[in-house]
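Commentary on secondary and tertiary structure
Residue-level listing of the chains:
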Amino acid sequence: MKRELEETRRQGTAMRPLQVYHMRCDPGAIDVPFHWHENAEILLMQTGTLALQVEAVPFTGRPGDVFFINPRELHGMQSASADCTYLAIVFPLSWLQFALADEAEENCLRPLADRRARVTTRLDPPLAGLAAPLLISAAELAEDPAPAGALGAKAELLALAAQLYRAGAVRRISRDRPAGDPLRRIAGYLQQHCGEPLTLQRLGEEFHMSPKYFSSYFQKRFARNFSDYLTAVRIERAKTLLQQTDAGVEWVAQQAGFSGSSYFIRVFRRAAGCTPGQYRRRCRQTGTQ
């Protein structure tokens, strides 16, 4: 498992380890490079279109679609239209387990939490239709600070788990995807070295391909070109540095791999819909981690 790609941001709180995201293209576009985490993530498309890739499989999300991203699955997403909005619920599957071992715990919940079972990524339309109101209700309840809110959110997600099993959308698996998978190795390398000068020539040498073949291979596996993906990774690195440090824009630009602050500000504004300084102030005001 490539640890460089692991998202370690805490979701929710220790007592309520569930996070709800209302994702929209305002300001800027949605562009999330490949990453993975130990949590499950469920997406409910609301408006517009979303380009989603889970492991090596590309999907196009449209209103009403529901996607289930299992723990440790490599995934990334981009808004494919300016009106793209979706609801995302992120939580550890262990949160759904019971303290008392029973039939439901041992046969349904524990295999999911232990990664001995996985949910199909795109739910079939009839199943998505059943899942959508459960997810909307779970999100509303999760944002209620009262203890009953967490209980209600858990109940809705357990109801969803029952629907997934009933529809045959859960299958047992024997092992994780091999750590040497090229998609993970390339994404991990870019995440680790994005602050350095990276060219097709360098990447081709690193992965034993000609620059031309690497470019074609990258486009096929990542469903986007090398330059655009690298820029997205660098923007995410810059956002993290802006949130976690008080360093100047020039230093942030250098650490994220941009050639200069002027170019960095232009690219950042185009991607995020605001300047780096405005982004930092907004994060500080809203308490974004």
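What this report covers is the structure whose coordinates are included nearby. (Residues numbered from 1 in each chain as written. Predicted model: local features only at pLDDT ≥ 70, side-chain atom pairs only at ≥ 80, totals over all residues. Heavy atoms only, no water.)

In this section: the sheet that holds strand β2 (residues 31–35). Strand order in the open sheet formed by 4 strands is β2-β7-β4-β5, with antiparallel pairing between adjacent strands. Two strands in the sheet have a free side with no partner beyond their single neighbour: β2 and β5 (57–61). With strand direction ignored, the average angle separating the axes of adjacent strands in the sheet is 15°. Direction of pairing for β2 relative to strand β7 (residues 75–79): antiparallel, over a ladder of 3 bridges. Across the sheet, the residue bridging to His35 is His75, located in β7. (Pairing = 2+ DSSP bridges. Helix = DSSP H or I, 4+ residues; strand = E, 2+ residues; numbered from the N terminus. Axes fitted to C-alpha atoms, helices over the stretch in contact; angles between N-to-C directions.)

This brings us to the state of the cysteines. Taken as a whole and judged by the stated rule, the model has 0 disulfides. Just so you know, Cys25 is unpaired, no disulfide at all, and the nearest cysteine sulfur is the one on Cys84, 5.0 Å from it. Free of any disulfide, Cys194 has its nearest neighbouring cysteine sulfur in Cys283, separated by 18 Å. Relative accessible area serves as the criterion here: at 0%, Cys194 is assigned to the buried category. (Disulfide = S-S within 2.5 Å. Buried < 20%, exposed > 50% of the residue type's maximum accessible area, 1.4 Å probe, protein only.)

Once that is clear, we can look at the pattern of salt bridges. Any two side chains of opposite charge can pair, so long as their charged atoms come close to each other. All chains considered together, the criterion is met by 12 salt bridges. A salt bridge links Arg72 to Glu38, with the shortest nitrogen-to-oxygen separation between them at 3.0 Å. With Arg72 in the loop between β6 (66–69) and β7 and Glu38 in the loop between β2 and β3 (40–47), the pair connects residues that are 34 residues apart, well separated along the chain. Judged by relative accessible area, which is 17%, Arg72 ranks as buried. Judged by its relative accessible area of 33%, Glu38 is partly exposed. (Salt bridge = Lys/Arg side-chain N within 4 Å of Asp/Glu carboxyl O.)

With that out of the way, let us pick up the sheet that holds strand β8 (residues 85–91). Spatial ordering of the open sheet is given by β1-β8-β3-β6, a layout of 4 strands whose pairing is antiparallel. This sheet does not close on itself; its edge strands, each paired only once, are β1 (19–24) and β6. Taking each pair of neighbouring strands and ignoring which way they run, the sheet shows an average axis angle of 20°. The sheet contact formed by β3 and β6 spans 4 bridges and is antiparallel. Residue pairing across strands places Ile42 opposite Phe68, the latter belonging to β6.

Below, the discussion takes up unusual backbone geometry. One non-glycine residue, Glu55, lies in positive phi territory at about 55°. Considering the arrangement of structural elements, one finds Glu55 in the loop between β4 (50–54) and β5. With a phi close to 60°, Ala223 is a non-glycine residue in the positive phi region. As for its position among the elements, Ala223 is in the loop between α6 (211–222) and α7 (226–244).

Moving on: the packing of aromatic side chains. The tally for this structure, following the rule as stated, stands at 17 aromatic pairs. On the basis of an interplanar angle of 45° and a centroid distance of 5.9 Å, the ring pair of Phe34 and Tyr229 is categorised as tilted. On the criterion of sequence distance, the pair formed by Phe34 in strand β2 and Tyr229 in helix α7 is long-range, its members being 195 residues apart. Both residues of the pair, Phe34 and Tyr229, belong to the buried class. The interplanar angle of 65° and the centroid separation of 5.7 Å between the aromatic rings of Phe218 and Tyr229 together place this pair among those described as edge-to-face. Residue Phe218 is located in helix α6, and its partner Tyr229 is located in helix α7; the two are separated by 11 residues in the primary sequence. Chaining the aromatic ring pairs together yields one cluster made of Phe34, Tyr189, Phe207, Phe214, Phe218, Phe222, Phe226 and Tyr229. (Phe/Tyr/Trp six-rings, centres within 6.5 Å; stacked < 30°, edge-to-face > 60°.)

Moving on, we come to the packing of α7 against helix α8 (residues 249–256). Closest axis-to-axis distance for the α7/α8 pair is 9 Å, and the angle between their directions is 140°. In terms of orientation, α7 lies oblique with respect to α8. Crossing of α7 over α8 shows right-handed handedness. Mapping the contact onto sequence places Arg234, Arg237, Ala238, Leu241 and Leu242 in α7 and Trp251, Val252, Gln255 and Ala256 in α8. Class assignment of the residues belonging to the contact of α7 with α8 gives a composition of 6 nonpolar, 1 polar and 2 charged. (Parallel < 35°, antiparallel > 145°, perpendicular 65-115°, else oblique. Left-handed = near helix turned anticlockwise from the far one by under 90°. Contact = heavy atoms within 4.5 Å. Nonpolar A, V, L, I, M, F, W, Y, C, P; charged D, E, K, R; others polar.)

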